Amino acid sequence: MSTWANLGLQDSASPLMEQLIFFHDHALLILVMITVLVGYLMFMLFFNNYVNRFLLHGQLIEMIWTILPAIILLFIAFPSLRLLYLLDEINEPSVTLKSIGHQWYWSYEYSDFNNIEFDSYMIPTNELSPDGFRLLDVDNRIVLPMNSQIRILVTAADVIHSWTIPALGVKVDGTPGRLNQTNFFMNRPGLFYGQCSEICGANHSFMPIVIESVPTNYFIKWISN
Ligand code: CUA
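Predicted model only: the values in this text are computed from it and were never measured.

Trainee: What am I meant to see in the overall build of the protein here?
Mentor: Helix and strand content of the protein: three helices and 10 strands. For a compact globule of 225 residues, the expected C-alpha radius of gyration is about 17 Å, and the protein comes in at 24 Å, more than 25% above that figure. With the principal axes as the frame, the protein shows a C-alpha extent of 85 × 40 × 35 Å. The burial tally for the protein puts 33% of its 225 residues in the buried class. Across the protein, the fraction of contacts at a sequence separation of at least 24, relative to all contacts at a separation of at least 6, is 64%.

Here's what the structure looks like:
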């Protein structure tokens, strides 16, 4: 969960989010190098008094500053494509969770286990316990096993919603009439918070998502209850 003054990405809880953070840092490094170089050149031009009276063309320099940025872009494009296809990879999931977006709550179905289903509403501020997180805690949390591949199927019943958990690197739109799929692997236990991130209506900010990541035996105990 994000806390005060955390402007960067959250700590990852899944291998894919780890890769996303690596890619972010890589892209940012290239961005800083370009900004410094161009900034330096522009700054130095202010103090340049020389004028080249015979300058009409510069074939060589134009070749350089056309091809060089193209090569730099490849260094971003290839890792980006690698990640894009890695995010879509499904590795024999052991649990499937279906989440359906409604105005304005999520409902969940564990289709593998006797079709367990429940709604998950945000806890209103006036009913919040002192240790609860405002606008982020829900009455019924999703419980999922850590160290297992989990498949998420996302859809919606009314308008477009988006099932988003920053710490897991998951963000999938729930669209009425369509079933979107994603997957993740939680490599540590804990509570992972998320919010709907598709502008879905007046109470859009009041449909948070909470995942309880637990050891597998605890999950089996919970699901068989
Ligand atoms: Cu649902 Cu925004």
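Structure shown, so let's carry the discussion forward.
Trainee: I tried to follow the pairing of strand β9 (residues 190–196) on my own but got confused; where do I start?
Mentor: The side chains of a regular strand alternate between the sheet's two faces. Two elements, strand β6 (residues 161–165) and β9, share two bridges in a ladder whose sense is antiparallel. Bridging across to β9, W163 finds its partner in C196. Pairing analysis gives five bridges linking β9 to strand β10 (residues 209–214), with the strands arranged antiparallel. Of the residues in β10, the one forming a bridge with F192 is I211.

Trainee: In this structure, what is going on with the UniProt feature "domain: Cytochrome oxidase subunit II transmembrane region profile" (unreviewed entry) in the protein? I would like to understand it.
Mentor: As annotated in UniProt, the feature "domain: Cytochrome oxidase subunit II transmembrane region profile" (unreviewed entry) corresponds to residues 1–91 in the numbering used here. Helix makes up 66% of residues 1–91 and strand 0%. Its end C-alpha atoms lie 26 Å apart.

Trainee: Could you clarify how one ought to interpret unusual backbone geometry in this entry?
Mentor: Trans is the common state for peptide bonds, and a negative phi is the common state for residues other than glycine. The amide bond that connects Q103 to the next residue, W104, takes the cis arrangement and shows omega of -5 degrees. At A5, a position not held by glycine, the phi torsion is positive, near 65 degrees. Secondary-structure assignment places A5 in the segment before α1 (15–45). You can call A5 exposed: its relative accessible area is 75%. Unlike most non-glycine residues, L135 shows phi in positive territory, near 65 degrees. Inspection of the secondary structure assignment puts L135 in the loop between β3 (116–120) and β4 (142–145).

Trainee: Help me understand the pairing of β6, please; the structure alone is not making it clear to me.
Mentor: In terms of residue burial, β6 counts as a mostly covered element, since five of its five residues are buried. Both β6 and strand β7 (residues 170–174) contribute to a ladder of five bridges, which runs antiparallel. Pairing of W163 across the sheet is with V172, part of β7. The hairpin formed by β6 and β7 contains four residues between the paired strands, and G169 there has a positive phi angle of roughly 70 degrees.

Trainee: Can you walk me through the nonpolar core in this structure?
Mentor: Where a protein is soluble and globular, its nonpolar side chains tend to be buried together. In this structure, I142, L144, W163, L168, F184 and I211 are the most contacted members of the largest nonpolar core, which totals 30 residues. Leave out the neighbours within four places in its chain, and L168 touches A13, S14, M17, F184, M186, F192 and I211.

Trainee: Just to check I follow, could you spell out the domain arrangement of the protein for this structure?
Mentor: Accessible area lost upon the coming together of the parts is a frequently used measure of interface size. Along its sequence, the protein is carved into domain 1 (15–88) and domain 2 (95–224). Each of domain 1 and domain 2 has a C-alpha centre, and the two are 39 Å apart. Between domain 1 and domain 2, the residue contacts involve five residues of the former and seven residues of the latter. Taken over both partners, the interface formed by domain 1 and domain 2 buries close to 450 Å², and the fraction arising from carbon and sulfur atoms is 52%. Scanning the region where domain 1 abuts domain 2 turns up zero residue pairs in polar contact (both at pLDDT 80 or more). With four residues, α1 is the largest single contributor of residues to the side of domain 1 that touches domain 2. Its residues placed into classes, the side of domain 1 that touches domain 2 shows five nonpolar, no polar and no charged.

Trainee: Looking at this structure, how should I read the UniProt feature "domain: Cytochrome oxidase subunit II copper A binding" (unreviewed entry) in the protein?
Mentor: UniProt's entry tags residues 92–225 with the feature "domain: Cytochrome oxidase subunit II copper A binding" (unreviewed entry), counted in the numbering of this structure. The span residues 92–225 shows a helical share of 6% and a strand share of 45%, and its end C-alpha atoms are spaced 25 Å apart.

Trainee: Explain the packing of aromatic side chains here, please?
Mentor: For any pair of aromatic rings, the description consists of the separation of the ring centres together with the inter-plane angle of the planes. Within this structure, the stated rule accounts for 11 aromatic pairs. Aromatic pair W163 and F184: ring centres 6.4 Å apart, planes at 10 degrees, arrangement stacked. Here W163, found in strand β6, pairs with F184, found in strand β8 (residues 180–185); they are 21 residues apart in sequence, far enough to count as distant. Pairwise contacts between aromatic rings join Y108, Y110, F113, F118, F219 and W222 into one cluster.

Reading the values: rules and limits
Residues numbered from 1 in each chain as written. Predicted model: local features only at pLDDT ≥ 70, side-chain atom pairs only at ≥ 80, totals over all residues. Heavy atoms only, no water. Helix = DSSP H or I, 4+ residues; strand = E, 2+ residues; numbered from the N terminus. Rg over C-alpha atoms; globule rule 2.2 N^0.38 Å. Buried < 20%, exposed > 50% of the residue type's maximum accessible area, 1.4 Å probe, protein only. Contact = heavy atoms within 4.5 Å. Pairing = 2+ DSSP bridges. UniProt positions renumbered as here; feature names shortened; annotations may be inferred. Core = buried A, V, L, I, M, F, W, Y, C linked by side-chain atoms within 4.5 Å. Domains from an automatic or database assignment. Buried area = accessible area lost by both parts, 1.4 Å probe. Polar contact = N/O pair within 3.5 Å; in protein donor to acceptor, adjacent residues only side chain to side chain. Nonpolar A, V, L, I, M, F, W, Y, C, P; charged D, E, K, R; others polar. Phe/Tyr/Trp six-rings, centres within 6.5 Å; stacked < 30°, edge-to-face > 60°.

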